[in-house]
Amino acid sequence: MIYIGTDSVVQKDRTKYVTIVFQLPEGRLDKTIKYMPHMTNSERLHVEAALTLDKWAELGYPEPCELHFDYNTNPKHKSYKHYLAYRGQPHAKFKPNSWIASHVADYFANH
């Protein structure tokens, strides 16, 4: 199984994006780090999804695969509108089941 997800963190003068590809049972982890200028929170969340989908395409749409989006399925959260936009995406997983984006990519984005 291949898991792909992206998270970002706003830094002083730029935004750091980390895309993770994790393969089980091999335990192989690959990370891609990109820096981009600041943008709105909504734009930043869209870029996270675009980077995840781009990585999936770059890998040749491997199967089986899960695409992890750091979007909340609860309407009380700001990322909910992004969940609505991507919920029809094949292989998509969202919080609390998007551990690659929510935990692994988040760790590397913040360290």
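Residues numbered from 1 in each chain as written. Predicted model: local features only at pLDDT ≥ 70, side-chain atom pairs only at ≥ 80, totals over all residues. Heavy atoms only, no water.

With respect to the nonpolar core
In plain terms, the rule: As used in this record, nonpolar core signifies buried Ala, Val, Leu, Ile, Met, Phe, Trp, Tyr and Cys residues forming a set joined through side-chain atoms within 4.5 Å. Think of it in three bands: residues with accessible area under 20% of the maximum for their type are buried, residues over 50% are exposed, and the middle band is partly exposed, with areas taken using a 1.4 Å probe on protein chains only. Only DSSP runs of H or I with at least four residues qualify as helices, and only runs of E with at least two residues qualify as strands; both kinds are numbered from the N terminus onward. By definition in these notes, contact holds between two residues if any of their heavy atoms fall within 4.5 Å.
Membership of the largest hydrophobic core comes to 14 residues, with the highest contact counts inside it found for Ile4, Cys65, Leu67, Phe69, Tyr71, Tyr86 and Phe94. Those elements that provide at least two residues to this core are strand 1 (2–10), helix 1 (41–58), strand 4 (65–68) and helix 2 (80–86). In terms of residue count, helix 1 provides more of this core than any other element does, 3 residues in total. In this view, Phe69 contacts Ala49, Thr52, Leu53, Tyr86, Gln89, Ala92, Lys93, Phe94, Lys95, Ser98 and Ala101; residues no more than four positions away in its chain are not counted.

Focus: the environment of Asn110
With respect to the helices, strands and loops of the structure, Asn110 is situated in helix 3 (residues 99–110). For Asn110, a relative accessible area of 43% puts it in the partly exposed group. Along the sequence, Asn110 and Lys16 sit 94 residues apart, while their C-alpha atoms lie 8.7 Å from each other.

Digging into unusual backbone geometry
Between Glu63 and the following residue, Pro64, the backbone shows a cis peptide bond with an omega angle of -10°. Its place among the elements puts Pro64 in the loop between helix 1 and strand 4. Cis peptide bonds are those with omega within 30 degrees of zero, and the linkage from Lys95 to Pro96 qualifies with 10°. Residue placement: Pro96 occurs in the loop between strand 5 (92–93) and helix 3. Even without being glycine, Tyr61 reaches a positive phi, approximately 55°. The backbone of His91 sits at a positive phi, close to 75°, despite the residue not being glycine. Mapped onto the secondary structure, His91 falls in the loop between helix 2 and strand 5.

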